[in-house]
Amino acid sequence: MMTVADMGYKEFTAYLEKVFNITLGDVKKIIKAFHSEMKKGLSGFESSLKMIPSFVERPTGRESGKFFALDLGGTNLRLLAVELDGKGASNVSTVSKFVIPPKTMTGAGDELFDFIAECISSFLTESNIDKEKNYDLAFTFSFPVEQTNIAAGKLIAWTKGFTASGVEGKDVIMLLNEALKRKGINCIRIAALANDTVGTLAAKCYNDRDCDMGVILGTGTNACYPEKISNIKKWRGLDPRGEMIINMEWGNFNKLRFTSYDKDVDDESLNTGCQYLEKMVSGMYLGEVTRKIIRDYIHRGLLFTNADSNAFIKKDSFLTEDMSLIASDESTDCALIDEFLKKSGLTEVTIHGKMTLKNICRITSVRAARISAAAISAVIKWTDPKLKNNHTIGVDGSLFEKYPGFSGAMLDVFKILFKEKASKIKLELAKDGSGKGAAIIAAIAATAGTSS
Ligand code: BGC
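Residues numbered from 1 in each chain as written. Predicted model: local features only at pLDDT ≥ 70, side-chain atom pairs only at ≥ 80, totals over all residues. Heavy atoms only, no water.

So, about the site of the ligand. Taken together, 15 residues lie around the ligand, and Thr-159, Lys-160, Asn-195, Asp-196 and Glu-249 are the ones closest in. Phe-143 is positioned with one of its backbone polar atoms (N or O) 3.4 Å from an oxygen atom of the ligand. Contact between the ligand and Asn-222: an oxygen atom at 3.0 Å from a side-chain N or O atom of the residue. Computed on the free molecule, the ligand has an accessible area of 310 Å², of which 98% lies beneath the protein chains in the complex. Those elements that provide at least two residues to the shell around the ligand are α6 (196-205) and β10 (221-228). When its residues are assigned to classes, the shell around the ligand shows 3 nonpolar, 8 polar and 4 charged. When residues are assigned to domains, the shell around the ligand turns out to be shared by domain 1 (1-52 + 207-431) and domain 2 (55-194), each giving three or more. (Near = heavy atom within 4 Å. Polar contact = N/O pair within 3.5 Å; in protein donor to acceptor, adjacent residues only side chain to side chain. Areas by Shrake-Rupley, 256 points an atom, 1.4 Å probe, with all protein chains shown as cover. Helix = DSSP H or I, 4+ residues; strand = E, 2+ residues; numbered from the N terminus. Nonpolar A, V, L, I, M, F, W, Y, C, P; charged D, E, K, R; others polar. Domains from an automatic or database assignment.)

As a further point, take the sheet that holds strand β5 (residues 135-141). Taken together, 5 strands build an open sheet; the order of strands is β4-β3-β2-β5-β8 and the sheet is mixed. Either end of the sheet is taken by a strand with one partner, and the two such strands are β4 (90-99) and β8 (188-194). For this sheet, the mean inter-axis angle between neighbouring strands, taken without regard to orientation, is 25 degrees. Where strand β2 (residues 64-72) lies against β5, 5 bridges are found, and the strand directions are parallel. The residue of β5 that forms the bridge with Ala-69 is Ala-138. (Pairing = 2+ DSSP bridges. Axes fitted to C-alpha atoms, helices over the stretch in contact; angles between N-to-C directions.)

An order of β1-β11-β10-β9-β12-β13 is seen for the 6 strands of this open sheet, with the pairing classed as mixed. Edge positions in the sheet fall to β1 (52-53) and β13 (425-429), since each of these pairs with one other strand and no more. Across 5 bridges, strand β9 (residues 211-217) lies against strand β12 (residues 391-396) in parallel orientation. What sits directly across from Cys-211, in β12, is Thr-392. Its contacts with the sheet put helix α12 (residues 351-383) on β9, β10, β12 and β13, and the angle it makes with β10 is roughly 5 degrees. (Contact = heavy atoms within 4.5 Å.)

Ring pairs (aromatic) are described by centroid distance and by the angle formed between their planes. Summed over the entire model, instances satisfying the criterion amount to 20 aromatic pairs. When the ring of Phe-143 is compared with that of Phe-162, the centres are 5.0 Å apart and the planes differ by 65 degrees; the resulting orientation is edge-to-face. Placement of the pair is Phe-143 in the loop between β5 and β6 (145-149) and Phe-162 in the loop between β7 (152-155) and α5 (172-182), with a sequence separation of 19 residues. For Phe-143, a relative accessible area of 2% corresponds to the buried category. Phe-162 sits in the buried class, given a relative accessible area of 3%. A connected cluster of aromatic rings, assembled from ring pairs, spans Phe-139, Phe-141, Phe-143, Trp-158 and Phe-162. The ring centre of Phe-143 lies 4.7 Å from the NZ or CZ of Lys-160, which sits over that ring. (Phe/Tyr/Trp six-rings, centres within 6.5 Å; stacked < 30°, edge-to-face > 60°. Buried < 20%, exposed > 50% of the residue type's maximum accessible area, 1.4 Å probe, protein only. Lys NZ or Arg CZ within 6 Å of the ring centre and 35° of its normal.)

Attention now moves to the domain arrangement of the chain. Considered domain by domain, the chain is made up of domain 1 (1-52 + 207-431) and domain 2 (55-194). Between domain 1 and domain 2, the C-alpha centre-to-centre distance is 28 Å. Every contact between the two is made by 20 residues of domain 1 and, on the other side, 18 residues of domain 2. Taking both partners together, domain 1 and domain 2 bury about 1,600 Å²; carbon and sulfur atoms supply 60% of that area. Broken down residue by residue, the surface that domain 1 buries against domain 2 is led by Ile-52, Arg-209 and Glu-243, which jointly contribute 28%. For the interface between domain 1 and domain 2, the tally reads 1 salt bridge. (Buried area = accessible area lost by both parts, 1.4 Å probe. Salt bridge = Lys/Arg side-chain N within 4 Å of Asp/Glu carboxyl O.)

To continue, consider the environment of Arg-58. In this structure, Arg-58 sits in the loop between β1 and β2. Between the C-alpha atom of Arg-58 and that of Ala-192, which follows or precedes it by 134 residues, the distance is 15 Å. Apart from residues lying up to four places away in sequence, Arg-58 is in contact with Leu-201, Cys-205, Arg-209, Cys-211, Asp-212, Pro-226, Glu-243 and Ile-245. A distance of 3.4 Å separates a polar side-chain atom of Arg-58 from the backbone oxygen of Cys-211. At 2.9 Å, the side chain of Arg-58 and the side chain of Glu-243 are in polar contact.

Let us now look at the environment of Glu-83. Note on placement: Glu-83 falls in strand β3 (residues 76-85). As for Glu-83 and Lys-18, which are separated by 65 residues in sequence, their C-alpha atoms are 50 Å apart. Among residues more than four places away in sequence, those in contact with Glu-83 are Gly-65, Lys-66, Ala-89, Ser-90 and Asn-91.

Along helix α7 (residues 260-267), the residues classified as buried are Tyr-261, Asp-262, Val-265 and Asp-266. Buried residues of α7, seen end-on, are gathered within an arc of 135 degrees and therefore sit on one face of the element. Looking at the buried positions of α7, the neighbouring elements they touch are α1 (9-20), α8 (276-281), α9 (283-299) and α12. (Arc of directions from axis to C-beta.)

If you want it as structure tokens, here you go:
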């Protein structure tokens, strides 16, 4: 029998198609495993899904007021001034964006929080804010946080390349308050802490009552949904009649079929053994999984000539953005791919080579889209097993927004799985949802009087 090592171009490509394929049977298995992990997570048992209570329910659309929102979750930090009119509309008047230097992401925790305080100070100055008055700020912190109330919570573990020391296990609101004090900023009160998924759900829900899921498909990936309090078994003593939004932290789901390429990406990551689903799906890793396959083709002598055999040899030298560009090239002469390859210093690539690159990107991105759709389907089936209601899924993130064909590949899964009922599911872009949504959550906190 032929081993993987001896395979020619055709056999190797067919082999990859097979190991990366997510069939209807796989989707069903993922849904089943999701339900079992969700149940364990909600009951407080060991589970790859942490199912974290967020201390808020869905907004009514009547929340109003002016808030600042601080959004930290990737390589950029953003500050926004958001105004809610109480009738379902929100207006963002000022946005400041700051790039977080890599050494700040991976250095000492205090330095990271001092950097955040510095950004808040610049934002206040640039936007001519009167520092004599007081302002409520909602903090979107897009990492797994064990919340203890609407405005307090401890970081469980960093993800997405952050490793700043001394933050895991600490209350991030306390760390931010201390940094604001060090910087002499007294006009800011932190009114709410929210995960970006919760912000996205709140933002979409503010004017669409059918919205019952917030999903991020960007640098990282995760989702949240409103759960009946009676199902949150780990929470005793709460009024069982209401609902609470649950931050699933689905990026950590680990019941998926890992390939050798996924294993290598995981081994070389800063959080080996964690965030398996995120590493198979999200923008931070998709390019790297794809690069590993490209290198395997090159190594086998199935792609590029000797002159180009060192192509993409360095970790992270092929990005998800590059994949998006390659996928967007529909010309017969692969003009865009050609331009990209020339910029990367590759001059001798044949049309066949370019088509191979495009095919590899298709294989890994379709797998990512199908896994995301399977995960969404699991939540829909959990809350509405017979699919009786309409479901708007608010989605934010560059992978969903910008990757050609990504949302289409997700919709295909819904069609195969739910047949004609699939039309009840709408995937809607919730652009910048997390910032706006955090402001809505701060407004809920202000009305409930629960913020600290
Ligand atoms: C984090 C989540 C976050 C997601 C999307 C993941 O790495 O653990 O908390 O929601 O990224 O930003």
